[in-house]
Amino acid sequence: MSVVTVQLGQCGNQIGHEVFHAVCSDVRGTHGLCSKKENESYHEACKERFFCEEESEVPVARAVLIDMEPKVISQTLSTAARSGHWKYDEQSHFCQKQGSGNNWASGYSVHGPRHKEAIMNLMQREAEKCDRLGGFFTIMSMAGGTGSGLGAFVTQCLRDAFPTSFLLNHVIWPYSTGEVIVQNYNSVLTLSHLYQSSDALLVHENDAIHKICAQLMGIKQISFRDVNQVIAHQLGSVFQPAYVAKGSSQYSRNPLGDLMETLVPHPEFKMLGLRNIPQMPENSLAYSTFNWPGLIKHLRQMLIANAKMEEGINWQVRPPRPGSCTSSHSTNKPLHFNTSIANLVILRGKDVHGVDLGNFRDPSLYTSWLNPQDAFNAWKTPRAFNKYEKSAALVSNSQFLLKPLDDVVGKAWNMFASKAYIHQYTKFGIEEEDFLDSFTALEQVISSYTNL
């Protein structure tokens, strides 16, 4: 099944480009470390997912690009075309001359309704090119105006127009130090609206990715492109083909559906986080060797200690002992333990089929209302990913976002209590009532995750 990627705003378009680039270079690479037959079926599955073959012989990305300013889209289109390995469809983008000025209300209440017909026509056209549509994968920032405001509007329109298709929103969480003065307002409005329309939200935190660039990739002057490439690598490690069932000889046909089925057992809980191991500069790969037990041990501790990378993990954090908790509430839990609802581990590379993942089935990692056998899944492929001989990705529906979410809601509430900048939203039709509804919705999400 095919996935249509929807790139929204500057951030969404730049990350989307890096994702297609990562996927394409992975498929073209000769580093597969697997049989020719295996490689060919991997190629086919990947192409069906992300590209459509045109007469030009160059794969064309299944994507719709949307921004309210033309600059980033024109750069993205030309960079992809210049690569000579893949390109975007010249007709599958929509842009205007004037941006949303970091105002969520402008994107949601003005640009969205005004351009709805043109944007949804592009979506329909792209969907009709798929033999079988698996769903939509949107990429957007939470902090700005176009990606977040227009992105929330477009997500609602997609849900209405394609009620049976899967809808996964990839959301970039802003730097805590702040890029935009009203970013907390924008974030609260975006998250609360996406929570109503989306099947799941896959979240990357800029602060965490920045640390990975500095500490693991050894980059001195970190640019947005560096950050975006790490994000794209992590996304590729999840969305490239893998075998979903044990002993299966067929690659997963429905990547979004399989992801939702595995990780979102209840509509109240739809926040997904992503971790990858190992991560290092490309020139270090040739000198590094990894064994599966070591990688899996680190990945499990990253999960329970809520570490975003393999460096600086707190090894003191342990799961609660069976019987030590009298209730499921977090007050009785060991300090900083990250309780999960569901986890998915994706292994790629050499000797994957012999890897022992039993420790991820430990009932103490999970909430009490789900059977650990249902809460944990593993996907595998002997095909290596992007030059890593062995690599593992963990997609987790857990308490990982509680603190950042609480912080954003708290900061936004403090500004709202003093009526700061509210007039910028009310002039576009977002009233104080809308803010209060958004706060209420997110307080409910925080409460649900806290009580796991």
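Throughout, residues of each chain are indexed from 1 in the direction in which the sequence is written. For a predicted model such as this one, the threshold for reporting local features is a pLDDT of at least 70, and the threshold for listing and counting side-chain atom pairs is 80 or more; totals across whole chains, interfaces and linings nevertheless cover every residue. Side-chain descriptors were evaluated using all non-hydrogen atoms of the structure, hydrogens and water having been removed beforehand.

Going by what an unreviewed UniProt entry lists, the chain is known as Tubulin delta chain and is assigned to Rhinopomastus cyanomelas. UniProt positions are given in the numbering used here, feature names are shortened, and annotations may be inferred rather than shown by experiment. The Cofactor (unreviewed entry) field of the UniProt record for the chain holds the comment "Mg(2+)".

K.L.:
Run through the domain arrangement of the chain, naming residues and quoting values.
P.N.:
Residue ranges for the domains trace back to a domain assignment, done automatically or taken from a database. What the domain assignment lists for the chain is domain 1 (2-272), domain 2 (288-321 + 336-398) and domain 3 (403-451). Contact residues are listed per partner, giving 42 residues for domain 1 and 30 residues for domain 2. Within this document, salt bridges are pairs made up of a side-chain nitrogen of Lys or Arg and a carboxyl oxygen of Asp or Glu, the two lying within 4 Å of each other. At the boundary of domain 1 and domain 2, one finds two salt bridges. Notably, a salt bridge pairs D26 with R383, separated by 3.2 Å at the nearest N-O pair. In protein, a polar contact requires one atom able to donate a hydrogen and another able to accept it; more generally it is a pair of N or O atoms within 3.5 Å, and residues adjacent in sequence count only if both atoms are side-chain atoms. Run the count over domain 1 and domain 2 and you get ten residue pairs in polar contact (both at pLDDT 80 or more). Those elements that provide at least two residues to the side of domain 1 that touches domain 2 are α1 (9-28), α2 (36-50), β9 (200-205), α7 (206-216), α8 (224-239), α9 (255-263) and β10 (271-277). Two residues qualify as a contact provided that any one of their heavy atoms is within 4.5 Å of a heavy atom in the partner residue. A run of H or I in DSSP counts as a helix once it spans at least four residues, and a run of E counts as a strand once it spans at least two, with each numbered from the N terminus.

K.L.:
Please give an account of the nonpolar core that cites residues and values.
P.N.:
Nonpolar side chains in soluble globular proteins generally cluster together in the buried interior. The criterion is simple. A nonpolar core is a set of buried Ala, Val, Leu, Ile, Met, Phe, Trp, Tyr and Cys residues joined through side-chain atoms within 4.5 Å. When a residue's accessible area, from a 1.4 Å probe over protein chains only, is under 20% of the maximum for its type it is buried; when over 50% it is exposed; and in between it is partly exposed. Of all hydrophobic cores here, the largest spans 139 residues; its most connected members are I66, M123, F239 and M271. If near-sequence neighbours (up to four positions away) are discounted, F239 is found in contact with R49, F50, F137, L168, L202, L256 and L259. If you look at the next biggest cluster of nonpolar residues, it comprises five residues, including Y42, Y243, Y251 and F385.

K.L.:
Break down the packing of helix α6 (residues 183-197) against helix α15 (residues 432-450) for me, with residues and values.
P.N.:
A fitted line through C-alpha atoms serves as each axis, taken over the contacting stretch for helices, and the angle formed by two N-to-C directions is quoted from 0 to 180°. At a minimum axis separation of 9 Å, α6 and α15 run at an interaxial angle of 70°. Classified by the angle their axes make, α6 and α15 are roughly perpendicular. Here Y185, V188, L189, L191, S192, H193 and Y195 of α6 come into contact with α15, specifically with F435, S438, F439, A441, L442, V445 and Y449. By definition in this entry, angles of less than 35 degrees are roughly parallel, angles greater than 145 are roughly antiparallel, angles of 65 to 115 are roughly perpendicular, and the rest are oblique.

K.L.:
Explain the sheet that holds β10 to me, using residue names and the numbers behind them.
P.N.:
We treat two strands as partners when DSSP finds at least two bridges between them. Within the open sheet, the ten strands sit side by side as β6-β4-β1-β7-β8-β9-β10-β13-β11-β12. Their pairing is mixed. In this open sheet, the two edge strands, each paired with only one partner strand, are β6 (93-95) and β12 (376-381). Between one strand axis and the next, the sheet turns by 20° as a mean value, whatever way the strands run. Examined bridge by bridge, strand β8 (residues 166-173) and β9 share six bridges and lie parallel to one another. Residue pairing in the sheet places I172 in a bridge with H204 of β9. Contacts from α8 reach β7 (133-141), β8, β9, β10, β11 (340-349), β12 and β13 (390-398) within the one sheet, and its direction differs from that of β10 by about 100°. Taken strand by strand, helix α11 (residues 292-304) contacts β10, β11 and β13, and its axis lies near 20° from that of β13.

K.L.:
Lay out the confidence of the model for the chain with the relevant residues and their values.
P.N.:
Confidence in the prediction of the chain, expressed as mean pLDDT, is 90, and 95% of residues score 70 or more. A score between 0 and 100, pLDDT records how confident the predictor is in each residue. Within the model, the stretch residues 326-331 combines pLDDT values under 50 with eight contacts to residues more than four positions away or in other chains.

K.L.:
Could you give an account of the pattern of salt bridges, naming the residues involved and the relevant values?
P.N.:
The final tally for this structure, using the stated rule, is 15 salt bridges. Of the charged contacts in the structure, one is a salt bridge between K129 and D89, with a shortest N-O distance of 2.7 Å. Here K129 is found in the loop between α4 (104-128) and β7, whereas its partner D89 is found in the loop between β5 (87-88) and β6, with 40 residues between them in sequence. Overall, D89 belongs to the buried group, its relative accessible area being 11%. Connected through salt bridges with shared partners, the residues D89, R125, E126 and K129 form a single ionic network.

K.L.:
Describe α1, with residues and values.
P.N.:
Each residue after the first adds 1.5 Å to the expected span of a helix. Under the 1.5 Å per step criterion, the end-to-end length of α1 is 29 Å for 20 residues, consistent within 8% with the ideal 28 Å. A large share of α1 lies buried, amounting to 14 of its 20 residues.

K.L.:
Lay out the side chain of R348 in plain terms, naming residues and giving numbers.
P.N.:
Structurally, R348 is set in strand β11. Positive charges come from Lys and Arg, negative ones from Asp and Glu, while His and the chain ends are left out of the count. The side chain of R348 sits in the buried core without any salt bridge; D26 is the nearest counter-charge, 6.1 Å away. A polar atom in the side chain of R348 sits 2.9 Å from the backbone oxygen of P241.

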